[in-house]
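Analysis of the macromolecular model
Residue strings, one per chain:
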Amino acid sequence: MSRIKKLFQLKYFSSLFEIMRKTSRKLPYLRLKFSHGIPAPTQFKFLKNSSFTDEVSNQTLVFHLEGALLKAYSLFPYFMLVAFEAGGLFRALILLLLYPLVWLLGHELGLKVMVFVSFVGIKKEKFRAGTAILPKFFLEDVGVVGFDMVMKYKTKVAVTSMPRIMVECFLVDYLGIHVVIGKELKEFHGYFLGLMEEKMDPATMGINNIGLGCFRNSHYQKIFSRCKEIYLVTEAEKKKWPVLPRKKSLKPLIFHDGRLAFRPTPLNTLSMFIWLPFGFLLHITRIMVFISLPFKVSAPLLAFSGMINTVSNSNVESSGEGKKRGMLYVCNHRTLLDPIYLTFAMMKSVSAVTYSVSRFSEVISPIKTVRLTRDRKTDEETMKKMLSKGDLVVCPEGTTCREPYLLRFSPLFAEITDDIVPVAIKLQVSLFYGSTASGQKCLDSAFHLTNPNPTCLIMILNKLQGWQTHNAGGKSKFEVANYVQGQIATALGFECTNLTRKDKYAILAGNDGIL
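Residues numbered from 1 in each chain as written. Predicted model: local features only at pLDDT ≥ 70, side-chain atom pairs only at ≥ 80, totals over all residues. Heavy atoms only, no water.

**Remarks on a nonpolar patch on the surface**
- On the surface, Phe90, Leu93, Ile94 and Leu97 cluster together into a nonpolar patch covering about 400 Å² of accessible area.
- Locating Phe90 in the fold gives a position in helix α4 (residues 89–97).
- For Phe90, a relative accessible area of 62% gives the class exposed. (Patch = residues over 30% accessible without salt bridge, like charges linked within 9 Å, V, L, I, M, F, W, Y side chains within 5 Å. Areas by Shrake-Rupley, 256 points an atom, 1.4 Å probe, with all protein chains shown as cover. Salt bridge = Lys/Arg side-chain N within 4 Å of Asp/Glu carboxyl O. Helix = DSSP H or I, 4+ residues; strand = E, 2+ residues; numbered from the N terminus. Buried < 20%, exposed > 50% of the residue type's maximum accessible area, 1.4 Å probe, protein only.)

**Structural notes on unusual backbone geometry**
- Even without glycine at this site, Met347 takes up a positive phi of about 55°.
- Relative to the helices and strands, Met347 is located in the loop between α15 (338–346) and β12 (351–354).
- Within the chain, Arg374 stands out as a residue other than glycine whose phi angle is a positive 70°.
- Counting through the fold element by element, Arg374 comes out in the loop between β13 (369–371) and α17 (376–387).

**Re the sheet that holds strand β16 (residues 420–428)**
- Pairing within the open sheet is mixed, and its seven strands lie in the order β10-β17-β16-β11-β14-β12-β13. What marks the edges here is a single partner per strand, and that holds for β10 (308–313) and β13. Strand-to-strand twist of the sheet, defined as the mean angle between neighbouring strand axes without regard to direction, takes the value 25°.
- By the bridge criterion, three bridges tie β12 to β13 in an arrangement that is parallel. Its bridge partner being in β13, Ala352 is matched across the sheet by Thr369.
- α15 rests against β10, β11 (328–331), β12, β14 (392–394), β16 and β17 (455–460) of the sheet, and its axis sits at about 65° to β17. (Pairing = 2+ DSSP bridges. Axes fitted to C-alpha atoms, helices over the stretch in contact; angles between N-to-C directions. Contact = heavy atoms within 4.5 Å.)

**Some points on the pattern of salt bridges**
- According to the stated counting rule, one finds 18 salt bridges in the structure shown.
- Among the salt bridges present, the one from Asp148 reaches Lys248, with a minimum N-O distance of 2.8 Å. Residue Asp148 is found in helix α9 (residues 144–151), and its partner Lys248 is found in the loop between α12 (235–240) and α13 (266–292); the two are separated by 100 residues along the sequence.
- Here Asp148 falls in the partly exposed class, since its relative accessible area comes to 29%.
- Close ionic contact of Arg376 with Glu415 constitutes a salt bridge, the shortest N to O distance being 2.1 Å. Here Glu415 lies in helix α18 (residues 412–416) and Arg376 lies in helix α17, a separation of 39 residues in the sequence.
- Residue Glu415 is classed as partly exposed on the basis of its relative accessible area, which comes to 22%.
- Bridged by salt links that share partners, the residues Lys136, Glu140, Arg246 and Glu403 form one connected network.

Function cannot be read off these values alone, since they describe shape.
Structure follows, in structure tokens:
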């Protein structure tokens, strides 16, 4: 009897597919009515988007994440992110080599292969890709039309074919989804086995719900059989959807981790692996140029290698002849190399104070770097001593931020000197991020310098006037810090926040960021 039912369902969806394919260009949404929880439609008709939610917005919506919300059909990029970020380069290469097999096996078997390769042997307590890495890429794949339809419902239930641990944070934190139904990963002694539980429990759903999915994804009939009406959208229509603007999500994406700066589709991932040997040699070459040559010689060579450094400044301030103290350059923090970029922009050597920089990065640095201890008095004395010897660069955010936001500036710099020059830095990379919250910090410079053409824009702003400073102008140190933060944010078109280093590391790494 069950085989007959499955055969009936298969033929039913196959016949509907033919209808959809012929009419999808003009009629984007298909409405199906189910009775008694059995997929036996009494009627179907096409509806326009405007009438989709007007009638039923107070009811519960059950939607398929991949079918109703995400524009892309392939799940490969998300599993490649897990394989690369949580498993390493070799695991990512294995997944790429198996992609033809995944494609040939079809959705269900191919999904099992990707889950196994990506998760087997990964320690559960250290897995943070679902909270720190994947939400960014999910948000970049959400269609605004599907988002608007889902958000009009008061109660929302998401169904996914991916492991629940991959999508739950994104759906709950950024979209406000109430219930997430997905398969759990099997584990043994705290390690993932790369296998999913066979059953998903739909008991959290009531009856007489509204369903929303994609016509191509018909493998969740059992979940949607509890819905009295189902709306289906075609793949062709989804491709026309604009990507969801960041400001429309319920929560702004300020922090994210991981090394990959691109969406790892099969073709993009293949291009990355082809580039890596050349990128490694380029990284070594750039380091040698950094260390061995003077700035006036190394700057054009680095530009020839693809490192684009653009300078926009009103006046490059100098400590001047006979001055006892140097100038303090206050920058926002985008990467470990910010002080070096500023050095090349001004064509003169400056010192830098840093937090949690690896010994390797200190050794290869072409400028002098001194570690701060996070002890207020000790750090103040250290910075004053360095300023007495020359110009100094400080990043009062205390950690890097990749998105167009500025973290709260520590006010310590405002107490040390009144010779303050704000510097705004904007950075673009195409392959790898040169910063991490939970990875190996000793590889930060290596990943950054492996990019084909990292682009940095340096904007040296006007020096603070005496009345705008703490010591001479009588401003509080917090007023000075907030003013400098606002000046840099305005120059970059960024948004100021009150978030700190501790907030970043609590979200991305589950610690306070003290190494």
